[in-house]
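Chain residues, written in single-letter form:
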Amino acid sequence: MIIKRRSTMLYRDQNIILGCMRIADKPIEEVKDLIQTALDLGINFFDHANIYGQGKSEKVFAKAIDELGIDRSSIIIQSKCGIDAKTGTYNFSKTHIIEETTKILERLNTDYIDILLLHRPDALMDFREVNEAFHYLFDKGMVKAFGLSNQSSTQMEMMQKYIDFPLRFNQVQFSLMHSQLIDAGLQYNMGTFHSQDFLLEYARTNQIQLQAWSPFFSGFFEDIFIDNPKFPEVNEKLDELALKYDVSKEAISVAWILRHPVNFQVVVGTTRSDRLKKIAQAKHIQLSHQDWYDLYKASGKILP
Ligand SMILES: NC(=O)c1ccc[n+]([C@@H]2O[C@H](COP(=O)([O-])OP(=O)(O)OC[C@H]3O[C@@H](n4cnc5c(N)ncnc54)[C@H](OP(=O)(O)O)[C@@H]3O)[C@@H](O)[C@H]2O)c1
């Protein structure tokens, strides 16, 4: 029996998540090294989706976990469905959600995933079907918790009205350079910026756990901004703060996201252990109020 209530946040201690979108074609020994490095750094939360590498990412991950002898209960596995790669549409039908989640479990070689996210909003969704699919997956023990991805606060609120389970997560694109969620609040009421959503405020009010994907990209799979000559000002500031806090520029970029009181989890997609170690330095620092704002401005935004 599910009691519908506001979300309480899960896995708050995990502020960095290892995204597995890019591991599909990596040699198994490299994937094992990456996962072991993550665990050694205290990162035990892994993000997947049924479409990553057309399912291959989940399979490679499962093989690595098996060969490393990692206990299933010691890690958190999240995956997503709702993008139908075969038809090139978004699909939140009951059949699609159940069938795709069943395949996810097979590929991951596990009885359950800790979290299922619906990847991108299906404009034609029928809430009753989503609700029935969630009941099925929860009652069978296949999924422990649910959330969304790439959805606005209005979409979340609307869906929550019809779903019996708390929608605890929303995974959205967010970085120092791709920071519209912050801009929306800071530049409210300015003619220069027309916000359509206030997701950060909604998440804080309703205890929704936000996850930031592509934390090093400047736009939708555009450019990595770190050490990119296209973005001199932000790189100058990152260099200065890396020196000041004695960490990498990657860590400063992640620390900038973590400094916001919405308490983001940052989903990083590196496939390199050495890079992951640099990123994880973010766990040990907190940017000052002044440094946070200076970086925001160096990333090209103005304060009205
Ligand atoms: N919900 C969604 O719609 C959605 C969409 C996209 C991604 N995601 C999730 O978010 C995760 C992260 O996404 P992402 O991989 O696009 O994010 P990212 O961590 O911003 O980018 C990682 C990519 O950038 C490269 N890179 C180059 N220079 C880098 C530097 N200095 N620091 C860090 N990375 C650098 C990495 O290469 P190396 O591998 O060589 O380090 C890797 O290919 C994915 O794995 C996936 O789980 C979710």
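Residues numbered from 1 in each chain as written. Predicted model: local features only at pLDDT ≥ 70, side-chain atom pairs only at ≥ 80, totals over all residues. Heavy atoms only, no water.

Enquirer: Any chance you could explain the side chain of S273 here in plain terms?
Expert: Among the structural elements, S273 can be located in helix α10 (residues 273-280). Overall, the relative accessible area of 11% leaves S273 in the buried class. Side chain to side chain, S273 and D33 meet in a polar contact 2.7 Å long. Here T37 takes part through its side chain, which lies 3.3 Å from a polar atom of the side chain of S273. Each residue touching S273, except ones within four places of it in the same chain, is listed here: D33, L34 and T37. (Helix = DSSP H or I, 4+ residues; strand = E, 2+ residues; numbered from the N terminus. Buried < 20%, exposed > 50% of the residue type's maximum accessible area, 1.4 Å probe, protein only. Polar contact = N/O pair within 3.5 Å; in protein donor to acceptor, adjacent residues only side chain to side chain. Contact = heavy atoms within 4.5 Å.)

Enquirer: Quick question: what am I supposed to make of the environment of A24 here?
Expert: Of note, A24 is situated in the loop between β1 (16-19) and α1 (28-40). Residues A24 and D13, 11 residues apart in the sequence, show an inter-C-alpha distance of 27 Å. Apart from residues lying up to four places away in sequence, A24 is in contact with G53, K56, S57 and V60.

Enquirer: Please explain the sheet that holds strand β2 (residues 45-47) as it appears in this structure.
Expert: The pairing of strands in a sheet happens through backbone hydrogen bonds and is either parallel or antiparallel. If you trace the eight strands once around the closed barrel, you get β1-β2-β3-β6-β7-β8-β9-β10, paired in parallel fashion. Here the average twist between neighbouring strands, direction ignored, is 30°. Where strand β6 (residues 113-118) lies against strand β7 (residues 143-149), five bridges are found, and the strand directions are parallel. Bridging across to β7, L117 finds its partner in G147. Across the sheet, helix α4 (residues 127-139) is in contact with β6, β7 and β8 (167-173); its angle to β7 comes to roughly 150°. (Pairing = 2+ DSSP bridges. Axes fitted to C-alpha atoms, helices over the stretch in contact; angles between N-to-C directions.)

Enquirer: In this structure, what is going on with the site of the ligand? I would like to understand it.
Expert: In the vicinity of the ligand lie 27 residues, with R22, D47, S214, T270 and T271 positioned nearest. Here R22 contributes a side-chain N or O atom positioned 2.7 Å from an oxygen atom of the ligand. Contacts to the ligand include Y52, whose side-chain N or O atom sits 3.3 Å from a nitrogen atom. Its free accessible area being 900 Å², the ligand has 89% of it covered by the protein chains. (Near = heavy atom within 4 Å. Areas by Shrake-Rupley, 256 points an atom, 1.4 Å probe, with all protein chains shown as cover.)

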